[in-house]
Amino acid sequence: TQLLEQSPQFLSIQEGENLTVYCNSSSVFSSLQWYRQEPGEGPVLLVTVVTGGEVKKLKRLTFQFGDARKDSSLHITAAQTGDTGLYLCAGGTSGSRLTFGEGTQLTVNP
Amino acid sequence: DARVTQTPRDKVTEMGQEVTMRCQPILGHNTVFWYRQTMMQGLELLAYFRNRAPLDDSGMPKDRFSAEMPDATLATLKIQPSEPRDSAVYFCASGLVHAGTGTEAFFGQGTRLTVV
């Protein structure tokens, strides 16, 4: 069974602060995806990384895939209240299976 | 604006009753997932299909859950009989398989199931 562990589980910060969320596994994945989920909605895809060591930037969000393709991180610079939500990482395989971590609940306070 | 459509949005039922949840995947997507989300377990993969064929349903309790794709525009998840521990939000997602890297999933809004 492929497991993804996210840390921290909960994070409460002030607007303007920086933060990093981690996603770790003992398994190798073909791709690593990050999703964001708001209350009452389904998760929405933010980014996919596929190459070991790959770094992708989406405005204030920076995503990195570990060299061994077993872990990933999400860094948010100067967090805003609109960044509040549940951040989920998911590991993909060539066989279509998509396994999610338990998520990091981020609260950005004004 | 292509999106995954799930019905119903909310369902309250009594223990022992049959529950059917429906999903219309995005046209052209060849992979469909069913997930269950609870506070305790997070997002659990129940089953997934590629080109309407079930690839893996090992996440489902086989004695009471069944998932089917009668055609490319409809996926169903059925629970019979339902139990209070089945209370959760059930998500359907669809996507296209990318060679070598897997599938990016597009989620519906979910069905919130409460079994009393």
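Quantities reported herein were computed from a predicted structural model and do not represent experimental measurements.

About the cut-offs
Residues numbered from 1 in each chain as written. Chains lettered and ligands numbered in written order. Predicted model: local features only at pLDDT ≥ 70, side-chain atom pairs only at ≥ 80, totals over all residues. Heavy atoms only, no water. Disulfide = S-S within 2.5 Å. Helix = DSSP H or I, 4+ residues; strand = E, 2+ residues; numbered from the N terminus. Buried < 20%, exposed > 50% of the residue type's maximum accessible area, 1.4 Å probe, protein only. Pairing = 2+ DSSP bridges. Axes fitted to C-alpha atoms, helices over the stretch in contact; angles between N-to-C directions. Salt bridge = Lys/Arg side-chain N within 4 Å of Asp/Glu carboxyl O.

Caption draft 1: Fine view of the state of the cysteines. Overall, the coordinates contain two disulfides over all chains when judged by the stated rule. Each disulfide pairs two cysteine sulfurs, and for Cys23(A) the partner residue is Cys89(A), the sulfurs being separated by 2.0 Å. Judged by the sign of its S-S torsion, about 75°, the cystine formed by Cys23(A) and Cys89(A) is right-handed. One end of the pair, Cys23(A), is in strand β3 (residues 19-24); the other, Cys89(A), is in strand β9 (residues 85-92), and 66 residues separate them in sequence. Each member of the pair, Cys23(A) as well as Cys89(A), carries the same accessibility label: buried. What pairs with Cys23(B) in a disulfide is Cys92(B), and their sulfur atoms sit 1.9 Å apart. Taking the sign of the torsion about the S-S bond as the criterion, the disulfide between Cys23(B) and Cys92(B), at about -60°, is left-handed. Of this pair, Cys23(B) sits in strand β3 (residues 19-24) while Cys92(B) sits in strand β9 (residues 88-95), and the two are 69 residues apart along the sequence. Here the two residues Cys23(B) and Cys92(B) agree in accessibility, since each one is buried.

Caption draft 2: Broad picture of the sheet that holds strand β7 (residues 61-65) of chain A. Residues and elements named next belong to chain A. An order of β1-β3-β8-β7-β6 is seen for the five strands of this open sheet, with the pairing classed as antiparallel. Two strands lie at the open edges of the sheet, namely β1 (5-7) and β6 (55-58), each paired on one side alone. Across the sheet, the mean angle from the axis of one strand to that of its neighbour is 15°, orientation sign disregarded. Looking at chain direction, β7 and strand β8 (residues 71-76) are connected through five bridges and run antiparallel. By the bridge assignment, Gln-64 is partnered in β8 with Ser-73.

Caption draft 3: The arrangement of the sheet that holds strand β7 (residues 65-71) of chain B in detail. Residue and element names in this part refer to chain B. Taken in spatial order, the four strands line up as β1-β3-β8-β7 in an open sheet, and their pairing is antiparallel. At either end of the open sheet lies a strand with only one pairing partner, and these are β1 (5-7) and β7. Ignoring strand direction, the axes of neighbouring strands in this sheet form an average angle of 20°. Pairing of β7 with strand β8 (residues 74-79), which is carried by five bridges, proceeds in the antiparallel orientation. Paired with Ala-67 across the strands is Leu-77, a residue of β8.

Caption draft 4: Focus on the pattern of salt bridges. Overall, the coordinates contain nine salt bridges over all chains when judged by the stated rule. Residue Arg36(A) pairs with Glu38(A) through a salt bridge whose shortest N-O separation is 3.2 Å. Its relative accessible area of 19% is what places Arg36(A) among the buried residues. Residue Glu38(A) is classed as partly exposed on the basis of its relative accessible area of 40%. The residue Arg97(A) makes a salt bridge to Asp56(B) at a minimum N-O spacing of 2.5 Å. Here Arg97(A), found in the loop between β9 and β10 (98-100), pairs with Asp56(B), found in strand β6 (residues 53-56), and the two come from separate chains. Exposure remark for Arg97(A): the relative accessible area of 24% places this residue in the partly exposed category. Each of Arg64(B), Glu83(B), Arg85(B) and Asp86(B) takes part in one network of salt bridges that share partners.

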